[in-house]
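# Breakdown of the fold
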Amino acid sequence: MDGYDFHTVSLSVSRLAKFYGQHREHISTSITLTLLFRSLGAAIFGIAGDLYGRKYPMIVNLVIIAALQLATAYCATFDQFLGVRALFGIGMGGIWGLAASMGLENMPMEARGLFSGILQQGYALGYLIAAVFNLYVVPNSSQGWKALFFIGAGLTLSVAIARVFFPESKQFIEAKRSGEQATGRKKVKLFWQDGKSIMKEYWKRALYAVVMMALFNFMSHTSQDMYPTYMQQTKGFSPEMSSKATIIAKTGALVGGTICGYYSQFFGRRATVMVATFCGACLIPMWVLPSSWGTLTAGAFLIQFMVQGAWGVVPIHLQELSPPQFRSSFPGIAYQLGNMVSAPAAQISSTISENWIIHVNGQERPDYARTQAAMMTVIFTLLFIWIACGTEQRGSHFELAAAAGGQDGHNDKLRNLENFEMRDPIATQKVDIEVIETQRSRE
């Protein structure tokens, strides 16, 4: 639903421009605002998730998103629309960190690559669902583009209700049962103490993660956000045909993310991303040069296979790079700070394209193809280089971590594990065994 709710705007750019009497590039400003404010949401809900548990911060977050989707449909002016989409960014910012930490800490370590790919493709699936509704419901609805937002609000609220019936993550249940966590102000104080000490050790890794996620987000937003507009305005296809192309492209994303996530468990997180970005760069000509719908759609399928193939590794890669006690806030904030850096991607693409005019059959059209090809070539290249220079912690047993804000000294053994993970894989195994034995004695 996170993916669905975000892409409702990118799928409706032309309709929104007509409704508010604005140019398309001005509508894309709302996408930029949403991305800019997601960092604030990641900090708020990520810290809440590490401090109080994954369950109830997630429920509150989903309810806020549902309310803001509903509010978007009732915006009477363009200024109101921009304001609501900025607030929506705060709500949306918290979802990814909470979802990734909750999902992967409850999966066996050996299966986390596969489930990382499956989890991340929820974003592509949300886009796919929105595209189907945009194709078959919106044209036949008396509400027009608003129907897409009404449906999103209802579905998101349904997910919030469903989450009520699933349990909290294991480490928070065990901490509460054993009485190892502090309570009240002491818990908050210990949480901030843990956070300060961790950031002294992890600031370089945090910087690496933010730059990595900026490149990842530039890659996804440049290839996705203006794609329906590109198919309609540059290639001259109808909204119906561009929606069908989007659906097929997102099917490629679903397949690519799952397959690449699975193989990252064997070949490594970085190697998988590097292969995906290299292949993606080689496929750019097929994505922009053809004029037939079939060939362009095949190119989109393959490009999204590679883009989301690389993305399928991201949830588990960031979880493994994170301080184990802060796997909701650290990945979420790194992700959304990267998003903030990449926030102008759609607007840059739109502004440049609208000023690059091509003539097709005597008609002037904006050249989104040339803009997106140039941007994606640079992004694929930079991401390949940055990942090659990075590190990974494949196989980390972060599920053994105690929740942040525990009693004094409770996480000393865990911090030893973190230090070993950064230095010596053999020593890591020894400390893993010690931590496992400690966990068993607690149980």
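Residues numbered from 1 in each chain as written. Predicted model: local features only at pLDDT ≥ 70, side-chain atom pairs only at ≥ 80, totals over all residues. Heavy atoms only, no water.

- The name an unreviewed UniProt entry gives the protein chain is Major facilitator superfamily domain-containing protein, with Tuber borchii as the organism.
- The Subcellular location (unreviewed entry) field of the UniProt record for the protein chain holds the comment "Membrane". (UniProt positions renumbered as here; feature names shortened; annotations may be inferred.)

### Structural notes on the overall build of the protein chain
- When you go through the protein chain residue by residue, the secondary structure sums to 21 helices and 2 strands.
- With 443 residues in all, the protein chain has 58% of them scored as buried.
- Considering only contacts within the protein chain whose residues lie at least 6 apart along the sequence, 83% involve residues at least 24 apart. (Helix = DSSP H or I, 4+ residues; strand = E, 2+ residues; numbered from the N terminus. Buried < 20%, exposed > 50% of the residue type's maximum accessible area, 1.4 Å probe, protein only. Contact = heavy atoms within 4.5 Å.)

### What about empty space enclosed by the protein?
- One pass over the structure, following the stated rule, counts 3 cavities of 30 Å³ or more.
- Its volume calculated, the largest cavity comes out at about 50 Å³.
- Forming the walls of the largest cavity are Tyr127, Ser223, Gln224, Tyr227, Ala249, Lys250, Trp287, Ala300 and Gln304.
- Going through the elements one at a time, helix 10 (184-224), helix 12 (239-267) and helix 15 (293-311) are the ones with two or more residues in the lining of the largest cavity.
- For the lining of the largest cavity, the residue count by class is 5 nonpolar, 3 polar and 1 charged. (1 Å grid on protein atoms, 1.4 Å probe; cavity = no way out; pocket = protein on both sides within 12 Å on 5 of 7 lines; lining within 4 Å. Points joined across faces, edges and corners; volume = space filled by probe spheres on them. Nonpolar A, V, L, I, M, F, W, Y, C, P; charged D, E, K, R; others polar.)

### Considering the packing of aromatic side chains
- Applying the stated criterion to the full structure yields 19 aromatic pairs.
- Each ring, one from Phe19 and one from Tyr20, has its centre 4.8 Å from the other, and the planes form 90°; the classification is edge-to-face.
- By relative accessible area, which is 41% here, Phe19 ends up partly exposed.
- Put simply, the rings of Phe19, Tyr20, Phe78, Phe81, Trp145 and Phe149 pair up and form one aromatic cluster.
- Note that Arg85 overlies the ring of Phe88, its terminal NZ or CZ placed 4.1 Å from the centroid. (Phe/Tyr/Trp six-rings, centres within 6.5 Å; stacked < 30°, edge-to-face > 60°. Lys NZ or Arg CZ within 6 Å of the ring centre and 35° of its normal.)

### Some details on a nonpolar patch on the surface
- Together, Val63, Leu157, Ile161, Val164, Phe165 and Phe166 make up a nonpolar patch on the protein surface, roughly 590 Å² of accessible area in all.
- As for its placement among the helices and strands, Phe166 is situated in the loop between helix 8 (146-163) and helix 9 (170-178).
- Under the relative-accessibility criterion, Phe166 is labelled exposed at 52%. (Patch = residues over 30% accessible without salt bridge, like charges linked within 9 Å, V, L, I, M, F, W, Y side chains within 5 Å. Areas by Shrake-Rupley, 256 points an atom, 1.4 Å probe, with all protein chains shown as cover. Salt bridge = Lys/Arg side-chain N within 4 Å of Asp/Glu carboxyl O.)

### Here we look at the pairing of strand 2 (residues 363-366)
- With 4 bridges joining them, strand 1 (residues 357-360) and strand 2 adopt antiparallel strand pairing. Bridge pairing in strand 2 links Val360 to Gln363.
- With antiparallel pairing between neighbouring strands as the criterion, strand 1 and strand 2 make up a hairpin whose turn holds 2 residues, including Asn361 at a positive phi of roughly 55°. (Pairing = 2+ DSSP bridges.)

### Describing the pattern of salt bridges
- Enumeration according to the criterion identifies 7 salt bridges in this entry.
- The salt bridge partner of Arg54 is Asp50, with a shortest N-O separation of 2.9 Å.
- Of the charged contacts in the structure, one is a salt bridge between Lys244 and Glu240, with a shortest N-O distance of 3.6 Å. Here the residue Lys244 and the residue Glu240 both occupy positions in helix 12, the gap between them amounting to 4 residues, near one helical turn.
- When salt bridges with common partners are traced through the structure, they connect Asp50, Arg54, Glu105 and Arg327 into a single cluster.

### Some words on the nonpolar core
- Counting residues in hydrophobic clusters, the biggest one holds 98 residues, and the most contacted among them are Phe216 and Met219.
- Looking at this core element by element, the count peaks at 13 residues for helix 10.
- Apart from the residues lying within four places of it in its own chain, the contact partners of Phe216 are Val273, Ala310, Trp311, Val314, Leu383 and Ile387. (Core = buried A, V, L, I, M, F, W, Y, C linked by side-chain atoms within 4.5 Å.)

### Topic: helix 13 (residues 269-282)
- Taking 1.5 Å of rise per residue, the 14 residues of helix 13 would be expected to cover 20 Å, and the 21 Å separating its terminal C-alpha atoms lies within 8% of that figure.
- Considered for burial, the residues of helix 13 that qualify are Arg269, Thr272, Val273, Met274, Ala276, Thr277 and Gly280. (Expected span 1.5 Å × (residues − 1).)

### Quick look at the packing of helix 11 (residues 227-234) against helix 12
- Look at helix 11 against helix 12: their axes get within 9 Å of each other, and the N-to-C directions meet at 140°. As the angle between them shows, helix 11 and helix 12 are arranged oblique. In the crossing of helix 11 with helix 12, the sense of the turn from one axis to the other is right-handed. Contacts between helix 11 and helix 12 involve Tyr227, Pro228, Met231 and Gln232 from the first element and Pro239, Ser242, Ala245 and Thr246 from the second.
- Grouping the amino acids of the contact of helix 11 with helix 12 by side-chain chemistry returns 5 nonpolar, 3 polar and no charged. (Axes fitted to C-alpha atoms, helices over the stretch in contact; angles between N-to-C directions. Parallel < 35°, antiparallel > 145°, perpendicular 65-115°, else oblique. Left-handed = near helix turned anticlockwise from the far one by under 90°.)

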